[in-house]
Amino acid sequence: MVRTRIAPSPTGEDLHIGNLYTALLNWTWARKNNGAFIIRIEDTDRTRLVPGSEEQILKTLAAFGLSPDEPFCRQSERLSIYHEYVEQLVDKGHAYYCFCTPERLDTVRKEQIAQKKQPKYDRHCLSLSPNEVNEKIERGEPHVIRMKIPEGKTTFHDVIHGDITIDNATIDDTILLKSDQFPTYHLAVVIDDHLMNITHVIRAEEWIPSTPKHVLLYHMFGWQLPVFVHTPILRNPDKSKLSKRKNPVWSSWYLAQGYLPDAILNYFGLMGWSHPEGKEIFNRDEFIRLFDIKDIQSVGPVFDIAKLTWMNGEYIRMMDLSQLTKKIHNFFGDRYSIELTKQIVPLVQERIKTLQEFDTYSSFFLAAPAAYEQDLSAQRDLLISIAGRLDSLTDWTAQNIGYVLEELAREKSVSNSKLFMALRIAITGKKITPPINESMVTLGKTESIARIKKAAE
RNA sequence: GCCGUCAUCGUCUAGAGGCCUAGGACGACACCCUUUCAAGGUGUAGACCGCGGGUUCGAAUCCCGCUGGCGGCACCA
């Protein structure tokens, strides 16, 4: 049975968008194989813990419909398990206690760098006798447990990258258990993935360099290796790893902007993977059916928000009116009444790319413009004529409005373009708006004419 | 610096030796439509497949080297 997982750290304000991408891949692979997708909170870094982060991450995942098949777990509640296993490693001679202070470590590292050598622990504490170790522990000296990297080379297979070999000499005697008795990622991830029967470790490729450590640990424990799948990492436009300095990275930011979960996930489906028929728009079921981890490309794609925005617009366009109306009304709370929303949605559905954009198109329905995007001083006479003509209109429909205004333009020898632009600015204050005649119907005759007269002042 | 990894239009990608004078999508641009801006429709430009060698009758596709990008080198994950 296929079992996948994602292992977010509650050290940020929300789920990182890159983690959402990995979550999608893991979730999809589990779904495709009728397996299980689980969430494990990796909260072993007590200093970077952010309150509320875990809750937000879980909430975001749920909002995207990537819910786990089992209750989530926290590494901080599994400390005794890590202690038990790391002791096994010490007993077998695969790990050792280290009492070096951070200051000494720092000094050693700086010397190594100055000598242009690779910064690596110098195994200062490896020579300690068992008695010395016991004495130091009894005395309460702070200590960590380090992995004793054996000589040789380590090779592992990755579904996307093929065989990867690393010389063990380049691997540091990594800390497995920190002085606060919490495990480091390397120890915890191996133990948990094994104990939780994870079959496929699908994670970002930034983990490739530390995978040999994990492989070594599996060997030391005598455990079977999972399948490793190192996925490309999403990039900023400058190709660096996606970061919050250069891009919005918190998943719920996209939700708050009015991007739809399905559109975002569909967009991610195009990152490093492509539909066999070249289709751009496809739903989750189709993705599950066609997706295969072996087809993922190894290049790190740039996260292109312009294409995401286009795709989101396509999703909005595909929604039926009542569904979209409900969604927009919920999105804005009481800012737009359900009745008003219902009237506006048909006017803007084709043009909005995000739910948030609804507001930029529609805010003039709520209040008369406070400012005009274009100067109307040269159009006063024209506006007054428009107001007069509309005032005499008895049947207030979009068609009639269009008819009389077109007639007015002809009489005045003014281009439609000019007349309607002046009207548009007068009514909405903006240059880009929903169809103006229909908008005026929604706004009502009295209000519309009042706005035109005001603009002519 | 050391280790690893990757390399097709600005971006996402198709391409697994001849179907490629390299296809699609986003974006850009142009035109059309039009009771208007936008939206929509149509079309155009855009990669000599990072560079240099090889293998082959034939290479974007295979091999080698180089260069460049990216990632990693914490008591962070």
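Refer to the preceding data block for the structure.
Described in the following lines is the structure provided in the data block. (Residues numbered from 1 in each chain as written. Chains lettered and ligands numbered in written order. Predicted model: local features only at pLDDT ≥ 70, side-chain atom pairs only at ≥ 80, totals over all residues. Heavy atoms only, no water.)

### Comments concerning the overall build of chain A
Heads up, the condition is: Each helix is a run of DSSP H or I of at least 4 residues and each strand a run of E of at least 2, with the numbering of both proceeding from the N terminus. Radius of gyration here uses only the C-alpha atoms, and the compact-globule reference equals 2.2 Å multiplied by the residue count raised to the power 0.38. Accessibility here uses a 1.4 Å probe with only protein chains present; expressed as a share of the type maximum, an area under 20% marks a residue as buried, one over 50% as exposed, and anything in between as partly exposed. Note on contacts: a residue pair is in contact if any heavy atoms of the two residues lie within 4.5 Å. Where accessible areas are quoted, they stem from the Shrake-Rupley method and a 1.4 Å probe; at the residue level, only the protein chains shown are allowed to cover. All tallies of charge rest on Lys and Arg as positive and Asp and Glu as negative; His and the ends of each chain are not included. Note that the charge is assigned to NZ on lysines, CZ on arginines, CG on aspartates and CD on glutamates.
Per the secondary structure count, chain A includes 19 helices and ten strands. Radius of gyration (C-alpha) of chain A: 31 Å, far over the 23 Å computed for a compact globule of 457 residues. By residue count, 50% of the 457 residues in chain A fall in the buried class. The long-range fraction of contacts in chain A, counting pairs at least 24 apart against all pairs at least 6 apart in sequence, stands at 75%. As displayed, chain A offers around 22000 Å² of accessible surface, 51% of which is attributable to carbon and sulfur atoms. The positive charge centre, built from 56 side chains, and the negative charge centre, built from 59, are 4 Å apart in chain A.

### Here we look at the environment of L89
Considering the arrangement of structural elements, one finds L89 in helix α3 (residues 79-91). Take L89: its relative accessible area is 0%, and that puts it in the buried class. Remark: the alpha-carbon pair of L89 and V201, spanning 112 residues in sequence, is separated by 23 Å. Excluding residues that lie within four positions of it along the chain, L89 makes contacts with H94, A95, L176, L217, M220 and F221.

### Points about the sheet that holds strand β4 (residues 95-98)
Our working rule: Two strands form a pair only when DSSP identifies at least two bridges running between them. Interaxial angles span 0 to 180 degrees and are taken between N-to-C directions of axes, which are lines fitted to C-alpha atoms, for helices over the stretch in contact.
Spatial strand order, β4-β5-β8: three strands in an open sheet with antiparallel pairing. Both edges of this open sheet fall to β4 and β8 (175-177), since each of them pairs with a single strand only. On average, each strand axis in the sheet is tilted by 45 degrees relative to the strand beside it, whichever way the strands run.

### Things to note about the nonpolar core
Quick note on the threshold: Buried Ala, Val, Leu, Ile, Met, Phe, Trp, Tyr and Cys residues that are joined via side-chain atoms within 4.5 Å together make up what is termed a nonpolar core.
The biggest cluster of nonpolar side chains holds 92 residues, and the ones touching the most others in it are L20, F268, I386, L390 and L405. In this view, L390 contacts W396, I401, V404, L405, M440, K445, I449 and I452; residues no more than four positions away in its chain are not counted. Judged by nonpolar contacts, the second largest core, of 46 residues, contains A95, I145, I198 and V215.

### Observations regarding the pairing of strand β5 (residues 144-147)
Each regular strand carries side chains that alternate between the two faces of the sheet. Where burial is concerned, the two faces of β5 agree: the one with V144 and R146 and the one with I145 and M147 are both buried. Across four bridges, β4 lies against β5 in antiparallel orientation. Of the residues in β5, the one forming a bridge with A95 is M147. Where β5 meets β8, two bridges bridge the pair, whose relative direction is antiparallel. Following the sheet pairing, R146 is matched in β8 by I175.

### A short note on unusual backbone geometry
Phi is mostly negative for residues that are not glycine, and the peptide bonds are mostly trans. The backbone phi angle of K116 is positive, close to 60 degrees, even though this residue is not glycine. On the secondary structure map, K116 appears in the loop between α4 (102-114) and α5 (130-138). Classification of K116 by relative accessible area gives exposed; the value is 79%. The phi dihedral of K239 is positive, around 80 degrees, even though this residue is not glycine. Tracing the sequence through the fold places K239 in the loop between β10 (227-231) and α8 (251-256).

### Structural notes on α3
Keep this limit in mind: Helix span, as expected, comes to 1.5 Å for every residue beyond the first. Note: the arc covers the axis-to-C-beta directions of the helix.
With 13 residues, α3 ought to run about 18 Å at 1.5 Å a step, and its terminal C-alpha atoms sit 18 Å apart, in line with that. Listing the buried residues of α3 in full gives L79, Y82, Y85, V86, L89 and V90. Projected down its long axis, α3 shows its buried positions confined to an angular sector of 150 degrees, all on one face. For α3, exposure combined with an orientation more than 90 degrees from the buried face picks out S80 and D91. Against β4, β5, β8, α6 (185-195) and α7 (211-221) lie the buried residues of α3. Looking one or two residues beyond α3, the residue adopting positive phi is G93, at roughly 80 degrees.

### Some points on the packing of helix α1 (residues 17-32) against helix α9 (residues 261-269)
To be explicit about the condition: Each angle gets one of four labels, with under 35 degrees taken as roughly parallel, over 145 as roughly antiparallel, 65 to 115 as roughly perpendicular, and the rest as oblique.
At a minimum axis distance of 10 Å, the contact between α1 and α9 shows a crossing angle of 75 degrees. With respect to each other, α1 and α9 are oriented roughly perpendicular. Residues I17, L20, Y21 and L24 of α1 form the contact with α9, whose own contacting residues are I264, L265, F268 and G269.

### Some thoughts on the protein's contact with RNA strand B
Stated formally: One heavy atom within 4 Å of a molecule or strand makes the whole residue count as near it. The nonpolar class holds Ala, Val, Leu, Ile, Met, Phe, Trp, Tyr, Cys and Pro. Asp, Glu, Lys and Arg form the charged class, and all remaining residues, Gly among them, are polar.
Around RNA strand B sit 58 residues, and of these K178, G272, R351, R424 and N437 come closest. When atoms of RNA strand B within 4 Å of the protein are split into backbone and base, the sugar-phosphate part holds 71%. Looking at the surface near RNA strand B, the element that brings in the most residues is helix α17 (residues 416-428), giving five residues. Across the surface near RNA strand B, the residue classes tally to 23 nonpolar, 17 polar and 18 charged.

### Thoughts on the environment of F364
Topologically, F364 is positioned in the loop between α14 (357-362) and α15 (380-391). The spatial distance from the C-alpha of F364 to the C-alpha of F156 is 61 Å, given a sequence separation of 208 residues. In this structure, F364 is in contact with I427, T428, P434, S439, L443 and R451, ignoring residues within four places of it in sequence.

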